[in-house]
Structures are given as C-alpha cells and as structure tokens.
Amino acid sequence: MPELKGTKGFQYLEGSRFDRLSIEKRQRPAIAEVETFKHYPHSGKIPLPRSWSLAEEHLPSLLQHRRSLRKYSTEPVSLEHLAFLLWASQGITGQAGRYLFRAAPSAGALYPVETYISVHSIEGLTAGLYHFDAEHFALDHLTEQDAAEAVAQACLDQKFLAQAAVVFLWTGVFRRAMSKYGDRGLRYILFDAGHICQNVLLAAETIGCGGCPIGAFYDNELNHLLQIDGEEESILYAASVGKKILAGS
Ligand SMILES: Cc1cc2nc3c(=O)[nH]c(=O)nc-3n(C[C@H](O)[C@H](O)[C@H](O)COP(=O)(O)O)c2cc1C
C-alpha cells in the first residue's frame, strides 16, 4: 500500500497547487478549448415544462431533513418535478454579457459538467437515457430502452438504484475547465459536480422526494451506456431520486 505521499491523488494535489510565486508566471495551458454546451442535433428534443411553483421551504429545515434515501415509493415523479430537479441541477438562472449563469456555481463560469438522466418512472416520459440540454431547457432523448437495471449493475450492482424514479449521471468535459486552468481545473470540475448534486438532493426534499449520491460505479460501464469516450468526457458522479414512502402507506 502506498503511504499517502506515494499516492497518485497526493501527487496530483501537489502538482496542481497555486502558490504566490508560480501564479505570477502562470500561462494558459496548451489545451484546446471546447464549446460550453453539448449538442445532440440528431436526437429527439423534448421541451421541459416550467410550470412548477417553488415551495416555501426553509433551508435549515431542508438541511436538517436531508438523508440519503435508498427506498422509494413506486409512485412516479411528475414531469414538472423532474424539470424542477433539472433546473436545480444546472438550469440557467441569469446572464451577464455572454455568460449564462446557472443554478449551481462553476469556476470561471465554464460549466464543465454535463447532466444525463436514466428515466425509470417519470410521468409522460419513456424510460431510457436522456441528456439535459440546459441551453434550451429540454431533454435530448438518447436511448429508448429502460437503462435502470444496467445503471444499477454499473454502480457496483447497488440494486436500489433500479427502483429510483430517475438516476442523475454527471460527467466532466475536461477540456472546458482544463483548457483554462490546466491540472488545477480537475479540482474545479469535481467541485462543480458536488455543487450540482447537492442542489438536486435539496431540491428533491422540497417535492416529497429523496435521493442518494453515488460515487461507487464502474466508470467505463457508465461511459459506455452514455456513449461517451471516457477521455474527453467521463462519468464523475451520480444520484438517485424517488418519491419518499409516506408513513402509514
Ligand atoms: C461522494 C459520495 C459518494 C457516495 N457513494 C455512495 C454509493 O455509491 N452508494 C450509497 O449507497 N451511498 C453513497 N453515498 C452516500 C453516503 O453513504 C452518505 O452520504 C453517508 O452515509 C452520510 O449519510 P447522509 O447522506 O444520509 O447524511 C455517497 C456519498 C458521497 C458524498
């Protein structure tokens, strides 16, 4: 077993540190840029409703009551509520010049994280894999087959995932942040994923749902399901969401 300092993680942190001397000489990395929004011109596009109303929930109560939830009601989640969760993840909430700001913060407003969903039980949506098109507030329909079982298997066979109404899958498009920040950009990409996931988990609390963040998965199996190469873009994080089972039901 490598001691802490011998790990790749430690070496990465060392190699991506800022200090007062080196930051002065810092140059833009020799990594080509890539566009901020991912487009699927050949897939069916499903516009998302904006008809949800924001619940009058107080943050301290949401924080107090959020728990990782691994058992869900079989009741489907409405499309409005799914749209609300997607908006909470990466919905566009503001603009300044050419920058479109989103619900979760992002270093340099570069938004290197993409949101995908594996739909299992959402009213009015065919089960399958979708990509969230934040720019147009729509879903790109990627596959028509229910991927819930395959996603659960790829997540170290955590069976409860197949019972969730939806599983969010977050990937990193590394070039978006690393073309500006180099190695250090990887830290920011991971932070972004954390912000986005927490937004979704807290938003889920406001609509009678709960969820569980997922970091245990076979990366290449999820990449394969999402048809991404694992190099330019790779899975980072995931979270299940489903309706809570009400006491007495
Ligand atoms: C980065 C990360 C990865 C996680 N991965 C999993 C996972 O793969 N499976 C799971 O059941 N829970 C997972 N969890 C949930 C944790 O087990 C849970 O957050 C922890 O036990 C604390 O409980 P709480 O979320 O209810 O406060 C993960 C949490 C985080 C933050």
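In short, a report on the structure.

Cut-offs and rules
- Residues numbered from 1 in each chain as written.
- Predicted model: local features only at pLDDT ≥ 70, side-chain atom pairs only at ≥ 80, totals over all residues.
- Heavy atoms only, no water.
- Axes fitted to C-alpha atoms, helices over the stretch in contact; angles between N-to-C directions.
- Helix = DSSP H or I, 4+ residues; strand = E, 2+ residues; numbered from the N terminus.
- Left-handed = near helix turned anticlockwise from the far one by under 90°.
- Contact = heavy atoms within 4.5 Å.
- Phe/Tyr/Trp six-rings, centres within 6.5 Å; stacked < 30°, edge-to-face > 60°.
- Buried < 20%, exposed > 50% of the residue type's maximum accessible area, 1.4 Å probe, protein only.
- Arc of directions from axis to C-beta.
- Salt bridge = Lys/Arg side-chain N within 4 Å of Asp/Glu carboxyl O.
- Near = heavy atom within 4 Å.
- Polar contact = N/O pair within 3.5 Å; in protein donor to acceptor, adjacent residues only side chain to side chain.
- Areas by Shrake-Rupley, 256 points an atom, 1.4 Å probe, with all protein chains shown as cover.
- Core = buried A, V, L, I, M, F, W, Y, C linked by side-chain atoms within 4.5 Å.

With that settled, the discussion passes to the packing of helix 4 (residues 79-90) against helix 7 (residues 183-205). Between helix 4 and helix 7, the shortest axis-to-axis distance is 7 Å and the interhelical angle comes to 145°. Note on packing geometry: the crossing formed by helix 4 with helix 7 is right-handed. Between helix 4 and helix 7, the contacting residues are F84, L85, A88, S89 and Q90 on the first element and I196, N199, V200, A203 and A204 on the second.

This paragraph deals with the packing of aromatic side chains. Counted according to the given criterion, the structure contains 10 aromatic pairs. Considering the side-chain rings of W52 and F84, the 5.8 Å spacing of their centres and the 55° angle between planes classify their relative orientation as tilted. With a gap of 32 residues between them, W52 in the loop between strand 1 (44-47) and helix 3 (59-65) and F84 in helix 4 connect regions that are remote in the sequence. Exposure remark for W52: the relative accessible area of 16% places this residue in the buried category.

We now examine unusual backbone geometry. At L156, a position not held by glycine, the phi torsion is positive, near 50°. Relative accessible area serves as the criterion here: at 42%, L156 is assigned to the partly exposed category. The backbone of Q227 shows a phi angle near 55°, a positive value even though the residue is not glycine. Considering the arrangement of structural elements, one finds Q227 in the loop between helix 8 (219-226) and strand 9 (233-243).

This part is about helix 8. Residues L222, N223 and L226 constitute the buried set of helix 8. Each buried residue of helix 8 sits inside an arc of 100° when the element is viewed along its axis, so together they form one side. Away from its buried face by more than 90 degrees, helix 8 exposes N220 and H224. If you follow the buried residues of helix 8, they end up packed against strand 4 (113-119), strand 5 (128-133), helix 5 (148-154), strand 7 (166-173) and strand 9.

Any two side chains of opposite charge can pair if their charged atoms end up close together. Counting across every chain of the model gives 9 salt bridges. Note that E233 and K38 form a salt bridge whose closest N and O atoms lie 2.7 Å from each other. Highlighted residues: E233 in strand 9 and K38 in the loop between helix 2 (20-25) and strand 1, separated in sequence by 195 residues. Between E205 and K244 there is a salt bridge, with the nearest N and O atoms lying 2.9 Å from each other. Of the two residues, E205 is situated in helix 7 and K244 in the segment after strand 9; the sequence distance between them amounts to 39 residues. On the basis of relative accessible area, E205 is assigned to the buried category, the value being 10%. The class for K244 is partly exposed, based on a relative accessible area of 29%.

Attention shifts here to the site of the ligand. Within the structure, the ligand sits among R66, R67, S68, R70, Q158, F160, C212, P213, I214, G215, A216 and Y237. Within the side chain of Q158, a nitrogen or oxygen atom sits 2.7 Å from a nitrogen atom of the ligand. At 3.3 Å, a backbone N or O of A216 approaches an oxygen atom of the ligand. Here the ligand, which alone exposes 620 Å², has 56% of that area covered by the protein.

Attention shifts here to the side chain of R176. Position of R176 relative to the elements: it lies in helix 6 (residues 174-181). Assessed through its relative accessible area of 5%, R176 is described here as buried. Beyond its immediate stretch of four places on either side in the chain, R176 contacts V34, E35, T36, F37, K38, L110, Y111, P112, V113 and E114.

Next up on the list: the nonpolar core. The biggest cluster of nonpolar side chains holds 42 residues, and the ones touching the most others in it are L82, I117, I122, L139 and F168. Residue assignment for this core shows that the elements contributing at least two residues are helix 4, strand 4, strand 5, strand 7, helix 6, helix 7 and strand 9. Here this core takes 8 residues from helix 7, the largest share from any one element. Each residue touching F168, except ones within four places of it in the same chain, is listed here: L82, L85, L86, T115, Y116, I117, V200, Y237, A238, A239 and V241. Membership of the second largest hydrophobic core comes to 23 residues, among which are Y40, F160, L226 and I235.

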